[in-house]
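Read off the chains here:
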Amino acid sequence: MQKENVRLHVNGRVYELEIEPNRLLLEVLRQDLGLTGTKRGCDDSSCGACTVLVDGEPQMSCLMLTVSYQEPEITTIEGVADGCELDALQHGFCVEGGAQCGYCTPGIILTAKNLLARNPRPSNQEINEALSGNLCRCTGYTQILASVRKAIELLRKEEPQEVER
Amino acid sequence: MSSFPQYSVIGARIPMVDSVDKVTGAGKYADDLTLPGMLVGKILHSPHPHARIRSIDASAAEALPGVKAVVIGRETPVKYGILPVGHDETIFAVDKVRYIGDNVAGVAATNEVIAEAALRLIRVDYETLPAHLDPEQSMRAEDHLIHQGRPHNIEREYHHHFGNLEEGFEAADYIREDRFDCAEVTHAALEPHSTLAKFDPDGKLTVWSSTQVPYYLMKTLASTLQMAEEDVRVIKPLIGGGFGGKSEVIPLELAAAVLARKAGAPVKVTYTREEVFYAHRGRPRQIVELKTGITRQGKLTAVEARIIQDGGAYCGYGVVTILYSGQLLNAMYDIPNVKFDGYRVLTNKPACGAMRGHGTVNTRFAFEQQLNRIAAVLGIDPVEIRRRNFLKPPCRTVNDLRVLSYGYPECIEKVVDRSGWKHKYGRLPYGKGIGIGGSHYVSGAANPIIRSMMPHTTVNVAIDRGGTVTIFSGAAEIGQGSDTMQVQIVAAELGRPMEQVRIIAADTGRTPVDLGSYSSRVTFMAGNAALAAAREAKRRIVAAAAEKLACSPDDLVMKNGGVYYRTDRHLALSFEDAVRLAVVRDGTLQTSGTYTTPPDSQGGKFKGAGVGPSPAYSYSAQVAEVTVDSETGQVSVDRIIAAHDCGKALNPLAVEGQVQGSVWMGLGQALQEEMIWQNGRLMNPGLLEYRSASTLESPPIETILVESNDPEGPFGAKEAGEGSLAATIPAITHAIYDAVGVWIDTLPVTPEKVLKALEEKRKSHELTSL
């Protein structure tokens, strides 16, 4: 198959590659860019483990032809922390037990990141709706919910507080 | 009053020590690993449930550019299996295939596209044979048997009789018989199995694999590849969930190694999701014919169980699974007379194996459901009927299981209180219901899979001159918190902060032997070994300090970052200074701890007595509340309260996570999960079709941790990762009865079954009113 030149914007970096046009973003991220934090759990978009953010929107990279995503900014789990500083969601998942085996965690954190960007004060129902396409076989979701709530709490503390005069 | 500064980490909510790697994507799972020159391995699977292989022609595949190795069965004829009594598998089929998906050949090629093309070029000439697909028919078969030496396709049968069954039933005022049928379910861990194998020029093999049992994998690689065990090293990277599905050797692990050897290059094999479903080793379909005798007052007098398990085409853990299903009828309630007839039956489907709650879950569902049915008939409160049959530990059951700690009564009381049971059971409006169930599980099998005098586990602790502690352990972290538990125990015992303790685990070339993460053994066994190693290190540090301070070691006590005088509680030496003294004295500071089960916990002498005994049992009681839509048959679970006796919650965050995960898996088995077979083909080999509950279908799970402080557990701890699963199922089916008045004895409880039961109930009412 004829290869094509591709420019990808991933986690604030630009990558130039030569790849077959039928290659999925999931494979290219994992195999060509070494970004193995994006996981493959199924082969048919049924588990959400391969979720990445495309201009901030969660999408399953196992369904995305790489050549079609040269314009948008792609964020993988490796791009979530600010250097060594964990994101509030990452911190929440550590301290509230949201990551047991950790395999669904990248996809869930990215999906939740999009939710909190859209809706900083979601209800439990709204969190569950947002995460309903991400399968976890370990936790029963109770501690995942607690982890997201913890992140919300941390983000609220960081916000500038209005001071009564 | 002076007191020591407290920074004991036992009982604190501790994040997993590997959690940062997991939330940042930095952690490496098997499929994340690459090596220079690595090839892709693929496996050719059988399209037939049962067929003789007449011939295989792989020449076209071998000739395809990019193909570096093709391996077929006659090159790999050594039989293996996880149990010494069940060596009935070969890496690739030699003469017969026994299920759709059976492994026929392996290919290693420079990329996946070429590997898959090569598979299509392998010509296999099959002579198809009649397939045995239903266990009750299979066990009557005379011809075309699945394995030689297994008449009637019965892998193994057991017949146990404890006490006097006849007398037991004579003493009963009420005897009830029911048949339960529980569908086959599978682990569906989110990480598909993956193995990377590499040979060094000196002929030594290194394998990175998604395994719960690195030690058994090392042994099986050595036996099937006919190598010395010391030339095989198995390294377990992060594991994306196991639940038992990675607790025996899976064909791809061996395929990767034989392909790597033939190709002369590293080979990685990663299953597709469909291959994961066919690799299976999950919970078998189980038919339970259960007969229970009870007095008018609700005291159990006798239990008789006839159990058939649809084991699939190979033994796997099957002999253990069938024994658990009978042996653990006991150790929950006081049952004086018990009979068990168990049949593990071979069929032409993927082999079943160990899955969370191994062997106990479907029997427990049947027993608890029948107990709830009996309570309803006799008009005894279902909580009260349990109270009347509690064990009175310390005790030995009729089948010689030793029970020391027993938090089940407290679990019952806690869930009854929290749920408002008294105001709800039988009193909720039609369509709403509440139900109860109980369960238990072993804290490690008292007997190893391969009988030997070796300890079940050994943990080494090394402390460097700066005071940093390193644990070397063979125990396999699979997401359950094995590493964190050991770090916590060593940190607590040495009085060190967690950050000063690190762990190197599950590398058979670098760490001592641990038998693996199965039978919920790690906290009890590796935890005790880690504790013993830390205690020995402490003893040596104190001895060195005493020498320096010219006092007796008994005058000193070590905790919270230092060595203190016992009498006035003054700091004598900092931890670092004391460690330096010990290193100077002994040259190095390294200690070992081991764990072996006490002989009196290892069970009786009868055939099959080795499976079921454990040094300690966990207990769970649960209350579920449901809503049943009588128009659609849809059941939604509104709330589950789960109380789990874990002995001592070393890390409540982790224990709660384990209990919630178990409950959720039980919920899946109760209502949705089911492997659907048609002519030996799986109809739902995908994560959408094999339905498990999403966030929207998953109720809040409230956990209550009960601490019975087991006398032999590390700091009193017992298992937490499996024992809660089984109780969820009868609690939900009981709640369905409470909601709409029907008992469903087959799993999963689909809307169709609920509607059918409601229809039958309506018809029988119409008949009685005629």
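Numbering of residues starts from 1 in each chain and follows the order in which that chain's sequence is written. Key to labels: chains lettered from A, ligands numbered from 1, both in the order written. The predicted nature of this model means local features are confined to residues of pLDDT at least 70 and side-chain atom pairs, given and counted, to a pLDDT of 80 or more, with totals for whole chains, interfaces and linings taken over all residues.

Asker: Help me understand the overall build of chain B, please; the structure alone is not making it clear to me.
Answerer: When you go through chain B residue by residue, the secondary structure sums to 19 helices and 31 strands. The burial tally for chain B puts 62% of its 770 residues in the buried class. Whether two residues are in contact is decided by their C-beta atoms, placed from the backbone, lying within 7 Å. In chain B, of all internal contacts separated by at least 6 residues, the share reaching a separation of at least 24 is 80%. To qualify as a helix, a DSSP run of H or I must reach at least 4 residues; to qualify as a strand, a run of E must reach at least 2; elements of each kind are numbered from the N terminus. Three exposure classes are used, based on other C-beta atoms lying within 10 Å of a residue's own C-beta, which is placed from the backbone: buried for 20 or more, exposed for 12 or fewer, and partly exposed in between.

Asker: So what exactly am I meant to see when it comes to the overall build of chain A here?
Answerer: Within chain A, the regular secondary structure consists of 5 helices and 5 strands. Taking 15 Å as the expected radius of gyration for a compact globule of 165 residues, we find that chain A reaches 17 Å, a close match to that expectation. Dimensions of chain A, computed from C-alpha atoms along their principal axes, come out at roughly 65 × 40 × 25 Å. Here chain A, with 165 residues, has 52% of them falling under the buried criterion. In chain A, once contacts between residues fewer than 6 apart in sequence are set aside, the share between residues at least 24 apart is 59%. Only the C-alpha atoms count toward the radius of gyration. The rule for a globule is 2.2 Å times the residue count to the power 0.38.

Asker: Just to check I follow, could you spell out the packing of helix H2 (residues 88-95) of chain A against helix H5 (residues 142-158) of chain A for this structure?
Answerer: Between two packed helices, the angle of one axis relative to the other and the distance separating the axes together describe the packing. Residues and elements named next belong to chain A. Here, axes are lines fitted to C-alpha atoms. For helices the fit covers the stretch in contact, and angles between N-to-C directions go from 0 to 180 degrees. Interhelical geometry of H2 versus H5 gives an angle of 130° and a closest axis separation of 7 Å. The angle between the axes of H2 and H5 places the two elements in the oblique class. You can see that H2 and H5 cross each other, and the crossing is right-handed. The residues of H5 that touch H2, namely those facing Ala 88, Leu 89, His 91, Gly 92, Phe 93 and Val 95, are Ser 147, Val 148, Lys 150, Ala 151, Leu 154 and Leu 155. Angles below 35 degrees are treated as roughly parallel, those above 145 as roughly antiparallel, those between 65 and 115 as roughly perpendicular, and all remaining angles as oblique. In this scheme the crossing of two helices becomes right-handed for a clockwise turn of the near helix relative to the far one and left-handed for an anticlockwise turn of less than a right angle.

Asker: What should I look at first to understand unusual backbone geometry in this one?
Answerer: Residue and element names in this part refer to chain B. Of note, the bond from Pro 393 into Pro 394 is cis; its omega dihedral lies within 30 degrees of zero at 0°. In this structure, Pro 394 sits in the loop between helix H11 (382-387) and strand E16 (395-396). Following Leu 747, the chain continues into Pro 748 via a peptide bond in cis, with omega recorded as -5°. The phi torsion at His 152 lies on the positive side, around 55°, for a residue other than glycine. Position of His 152 among the secondary structure elements: in the loop between helix H4 (135-138) and strand E7 (154-162). Residues other than glycine seldom take positive phi values, yet Phe 715 does so here, at roughly 55°.

Asker: Would you mind going over the domain arrangement of chain B with me for this structure?
Answerer: Many structure descriptions define interface size as the accessible area lost when the parts assemble. Residue and element names in this part refer to chain B. Source of the domain bounds: an automatic or database domain assignment. For chain B, the domain assignment lists domain 1 (19-26 + 448-596), domain 2 (33-129 + 191-240 + 246-279) and domain 3 (285-447 + 603-767). Spacing between the C-alpha centres of domain 1 and domain 3 amounts to 37 Å. Each partner contributes residues to the interface: domain 1 has 18 residues there, and domain 3 has 21 residues. Looking at the side of domain 1 that touches domain 3, the elements that each hand over two or more residues are helix H14 (482-494) and helix H15 (522-549).

Asker: Help me understand the sheet that holds strand E20 (residues 469-473) of chain B, please; the structure alone is not making it clear to me.
Answerer: By way of backbone hydrogen bonds, the strands of a sheet pair with one another, either parallel or antiparallel. All names here are of chain B. Following DSSP output, two strands are said to pair if at least two bridges run between them. Across the sheet, 4 strands lie side by side as E21-E20-E19-E25; this open sheet has mixed pairing. A strand with exactly one partner marks an edge of an open sheet, and here the two such strands are strand E21 (501-505) and strand E25 (590-595). Strand-to-strand twist of the sheet, defined as the mean angle between neighbouring strand axes without regard to direction, takes the value 20°. For strand E19 (residues 457-463) and E20, the ladder comprises 5 bridges, and the chain directions are antiparallel. Across the sheet, the residue bridging to Ala 462 is Thr 470, located in E20. This element, H15, spans E19, E20 and E25 of the sheet and lies at about 145° to E25.

Asker: What exactly am I supposed to notice about the nonpolar core here?
Answerer: General note: in soluble globular proteins, nonpolar side chains tend to be found buried as a group. All names here are of chain B. Core membership is restricted to buried Ala, Val, Leu, Ile, Met, Phe, Trp, Tyr and Cys residues, and these are joined into a nonpolar core through C-beta atoms within 7 Å. Residues Ala 105, Val 490, Ile 732 and Ile 736 are the most contacted members of the largest nonpolar core, which totals 302 residues. Considering every element that reaches this core, the biggest residue donor is H15, with 15 residues. Excluding its chain neighbours within four sequence positions, the residues that come into contact with Ala 105 are Leu 44, Ile 56, Ala 58, Val 70, Val 71, Ile 72, Phe 92 and Ile 122.

Asker: How should I be thinking about the packing of H15(B) against helix H16 (residues 575-586) of chain B in this particular structure?
Answerer: Residues and elements named next belong to chain B. It is the contact of H15 with H16, at a shortest axis distance of 8 Å, that shows an interaxial angle of 90°. The angle between H15 and H16 places the two elements in the roughly perpendicular class. For the pair H15 and H16, the contacting residues are Arg 540, Ile 541, Ala 544, Ala 545, Glu 547 and Lys 548 in the first and Ala 578, Val 579, Leu 581, Ala 582, Arg 585 and Asp 586 in the second. The classification used treats Ala, Val, Leu, Ile, Met, Phe, Trp, Tyr, Cys and Pro as nonpolar, Asp, Glu, Lys and Arg as charged, and all other residues, Gly among them, as polar. Of the residues that constitute the contact of H15 with H16, the class distribution is 7 nonpolar, no polar and 5 charged.

Asker: Is there a simple way to explain the pairing of strand E9 (residues 194-199) of chain B in this structure?
Answerer: The side chains of a regular strand alternate, first on one face of the sheet and then on the other. Residue and element names in this part refer to chain B. Counted residue by residue, E9 has 6 buried out of 6 residues, so it is predominantly covered. Of the two faces of E9, both are covered, the one formed by Ser 194, Leu 196 and Lys 198 as well as the one formed by Thr 195, Ala 197 and Phe 199. Of the pairings in the sheet, the one linking E9 to strand E10 (residues 205-209) comprises 5 bridges and is antiparallel in character. By the bridge assignment for E10, Thr 195 is matched with Ser 209. Connecting E9 to the next strand, E10, in antiparallel fashion are 5 residues, including Gly 203 with a positive phi near 90°.

Asker: Please clarify how the environment of Val398(B) should be interpreted in this entry.
Answerer: Residues and elements named next belong to chain B. Position of Val 398 among the secondary structure elements: in the loop between E16 and strand E17 (402-403). The exposure class assigned to Val 398 is partly exposed, which follows from the 17 C-beta atoms found within 10 Å. Spatially, the C-alpha atom of Val 398 lies 6.4 Å from that of Pro 336, the residues being 62 residues apart in sequence. If we skip the residues at most four places from it in the chain, Val 398 touches Phe 162, Gly 163, Asn 330, Ile 335, Pro 336 and Val 338.

Asker: Honestly, the domain arrangement of chain A in this entry has me stumped. Any pointers?
Answerer: Residue and element names in this part refer to chain A. Under the domain assignment used here, chain A contains domain 1 (4-79) and domain 2 (88-158). Just the C-alpha atoms count here: the centres of domain 1 and domain 2 sit 22 Å apart. If you look at the interface, domain 1 gives 16 residues, while domain 2 gives 13 residues. Every element with two or more residues in the side of domain 1 that touches domain 2 is listed here: strand E3 (51-54) and strand E4 (57-60).

Asker: Looking at this structure, I do not really get the sheet that holds strand E4 (residues 96-97) of chain B. What am I missing?
Answerer: All names here are of chain B. Across the sheet, 3 strands lie side by side as E4-E2-E6; this open sheet has antiparallel pairing. Two strands in the sheet have a free side with no partner beyond their single neighbour: E4 and strand E6 (123-128). Strand direction decides the pairing type here: strand E2 (residues 51-57) and E4, joined by 2 bridges, are antiparallel. Its bridge partner lying in E4, Ala 51 is registered against Val 97.

Asker: Hey, could you run me through the pairing of strand E30 (residues 701-706) of chain B in this one?
Answerer: Residues and elements named next belong to chain B. Of all the 6 residues making up E30, 6 are buried; the element is thus mostly covered by neighbouring parts of the structure. Burial of E30 is two-sided: the residues Ile 701, Thr 703 and Leu 705 facing one way and the residues Glu 702, Ile 704 and Val 706 facing the other way are all buried. Relative to E30, strand E27 (residues 635-645) runs parallel, the two being bridged by 6 bridges. Paired with His 644 across the bridge in E30 is Leu 705.

Asker: Explain helix H17 (residues 652-671) of chain B to me, please; I cannot follow it from the model alone.
Answerer: Every α-helix winds through 3.6 residues per turn, so residues three or four apart in the chain are directed the same way. Helix span is expected to be 1.5 Å times the residue number reduced by one. Between its terminal C-alpha atoms H17(B) stretches 28 Å, which fits the 28 Å expected from 20 residues at 1.5 Å a residue. Among the 20 residues that make up H17(B), 19 are buried, leaving the element largely enclosed by the rest of the structure.

Asker: What is the right way to read the confidence of the model for chain B from this model?
Answerer: Reading predicted coordinates in detail is not appropriate for stretches of low pLDDT. Residues and elements named next belong to chain B. With 99% of its residues at a pLDDT of 70 or more, chain B has an overall mean of 96. A score from 0 to 100, pLDDT tells how confident the predictor is in each residue. This stretch, residues 1-7, has a pLDDT under 50; its non-local contacts, to residues over four places away or in other chains, come to 9 contacts. Here the predicted complex carries an ipTM of 0.97, next to a pTM of 0.97.

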